[in-house]
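# A structural walkthrough
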Amino acid sequence: MNSNEQRIDKLHKEAPLTDMHCHPSLKSWLFKRNLWRHYCSWSFTWPWSSRCDFKMLEKGKVGVIWTSHYMPERQIVKQCCLTRIIIFLLTPIYWKLVKGSYMKCTLQMMDRFEKQINRKPDRVELAKSAEDVKRIRALGKIAAVHTIEGGHILEGNVDNLNILAERGVALLTLTHFFRNEIGSQVDISKGIDSFKFMKICGYNFHQDEPPHLTEFGYAVIERMKELSMIIDVCHLTHEARNLVFKLIKGKTPIIASHTGVAKFNPNPYSLNDNEILEIHKSKGGIGVIFMNAFLKEETKQKDGLDLIWSTMNHINKVTKSWDNVMIGSDFDGLTDPPNDVVDSSQFGNLTRYLIKKGLSDDIIKKILGGNAQRILEKGWKKN
Ligand SMILES: [Zn+2]
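Going along each chain's sequence as written, the residues are numbered from 1 onward. In keeping with the model being predicted, local features are shown solely for residues with a pLDDT of at least 70 and side-chain atom pairs are shown and tallied solely at 80 or more, while totals for entire chains, interfaces and linings include all residues.

### What to know about unusual backbone geometry
In this chain, Ala15 is followed by Pro16 through a cis amide linkage whose omega measures -20 degrees. Labels follow the DSSP assignment, with helices taken as runs of H or I lasting at least four residues and strands as runs of E lasting at least two, numbered in each case from the N terminus. In this structure, Pro16 sits in the loop between helix H1 (3–14) and strand S1 (18–22).

Below you can see the structure in the form of structure tokens.
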């Protein structure tokens, strides 16, 4: 191993390298998959890919994953005939997507993920606090943190947050593709090329309907503050994000877990400069997504490191610091990853790129994982 590769290894270990938004549990639950096996990482959207299974994470020397458990919204199957037919042909998963309560299914998904972890407890362990992450890392293992994407899984019952907190969930992304009981979300088919197909499918997003945060949404935020859970504003409309910023008043870190910036992709999903500053004021973080369609408007570019860098650098320019830049790959969601980082085993390419840009080791460590650890310590419940 040459000295540059040794430096990369050291940086990954010391940061520790953290992906704050990835979905290993989704396909493991849908297809009853073994997370200790690698299936494929093709560099295009492929539902059967496995980009962040434990093999790829270990290969990329990833130290911490914030595992985003996502229970697909029923509207995905119900509102589009074509999707319904395709998914019906995959009968075992069809019933998982149309039956049962969201909350129950999410708990099952978490159970399965924990079972996969427990198969090799000497290599991966579930962390239930920021201190736990440190302890697990000191043992040289991957620390997995439970997070949830989509407040629809609460099913309008704020007490479900207590159940999630008890299970060790650190963060909730308040909305997802469709409007839910909490509030309004961005229409993902607007402005992001890879999701334009959803418009053709005729999905009804009920986007932008006031109120942007409902009474239930306010109650959720209040309870999350009490339980010391981290709020993720990704997928919310700008109006709803601003309401969250006002409610939190910079007192606890706010996250945007997987996104790009409006400077390079001016669509409603991206963060504008004001929002970047609000997250900075809260001492929160922005996970830069590894998907070119989010990072640049109408791009055919297949390599992504230049775009990831431009986004990171823009956040740095706006905030005049590197304290809010993080990695939120979105691997194993509905992602079309860049050619130069197709899965978690290739995070070293980003580190190599940041070294080439002349960043100091201290700054690189912040981006790779230092910021993530600081946010967990400040924003997550203390055990
Ligand atoms: Zn998402």
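### Quick word on the packing of H1 against helix H17 (residues 361–379)
Lines are fitted to the C-alpha atoms to define the axes, a helix being fitted only along its stretch in contact, and any angle between axes, read from their N-to-C directions, falls within 0 to 180 degrees. Following both chains from N to C, one finds H1 and H17 inclined at 50 degrees, their axes separated by 9 Å at the closest point. Relative to H17, H1 is oriented oblique. Considering only the axes of H1 and H17, their crossing is right-handed. Counting all contacts with H1, which are made through Leu11, His12 and Glu14, the residues of H17 involved are Asp361, Ile364, Lys365 and Leu368. Residue composition of the contact of H1 with H17, grouped by class: three nonpolar, one polar and three charged. Each angle gets one of four labels, with under 35 degrees taken as roughly parallel, over 145 as roughly antiparallel, 65 to 115 as roughly perpendicular, and the rest as oblique. Here is the rule for handedness: rotate from the far helix to the near one, and if that takes an anticlockwise turn smaller than a right angle the crossing is left-handed, while a clockwise turn gives right-handed. A pair of residues counts as a contact when their C-beta atoms, built from backbone coordinates, are separated by no more than 7 Å. Amino acid classes used here: Ala, Val, Leu, Ile, Met, Phe, Trp, Tyr, Cys and Pro are nonpolar; Asp, Glu, Lys and Arg are charged; the rest, including Gly, are polar.

### With respect to helix H7 (residues 102–118)
Between its first and last C-alpha atoms H7 spans 24 Å; for 17 residues at 1.5 Å apiece the expected length is 24 Å, and the two agree. Among all positions of H7, only Thr106, Met109, Met110, Phe113, Gln116 and Ile117 are buried. Viewed end-on, H7 has its buried residues packed into an arc of 120 degrees, placing them on one side of the element. Turned more than 90 degrees away from the buried face of H7 sit Lys115 and Asn118, all of them exposed. Looking at the buried side of H7, the elements it contacts are helix H2 (24–30), strand S2 (64–70), strand S3 (124–126), strand S4 (142–149) and helix H9 (160–167). The span you would expect from a helix comes to 1.5 Å times its residue count less one. Here exposure depends only on C-beta density: within 10 Å of a residue's C-beta, 20 or more other C-beta atoms make it buried, 12 or fewer make it exposed, and intermediate numbers make it partly exposed, the C-beta atoms being placed from the backbone. It is the directions from the helix axis to the C-beta atoms whose arc is reported.

### Quick word on the packing of helix H16 (residues 347–356) against H17
Across the interface, H16 lies against H17 with an axial gap of 10 Å and an inter-helix angle of 155 degrees. As summarised for this structure, H16 and H17 are arranged roughly antiparallel, according to the angle between their axes. Note that H16 runs across H17; the crossing there is right-handed. Of the residues in H17, those in contact with Thr351, Leu354 and Ile355 of H16 are Ile364, Ile367 and Leu368. When its residues are assigned to classes, the contact of H16 with H17 shows five nonpolar, one polar and no charged.

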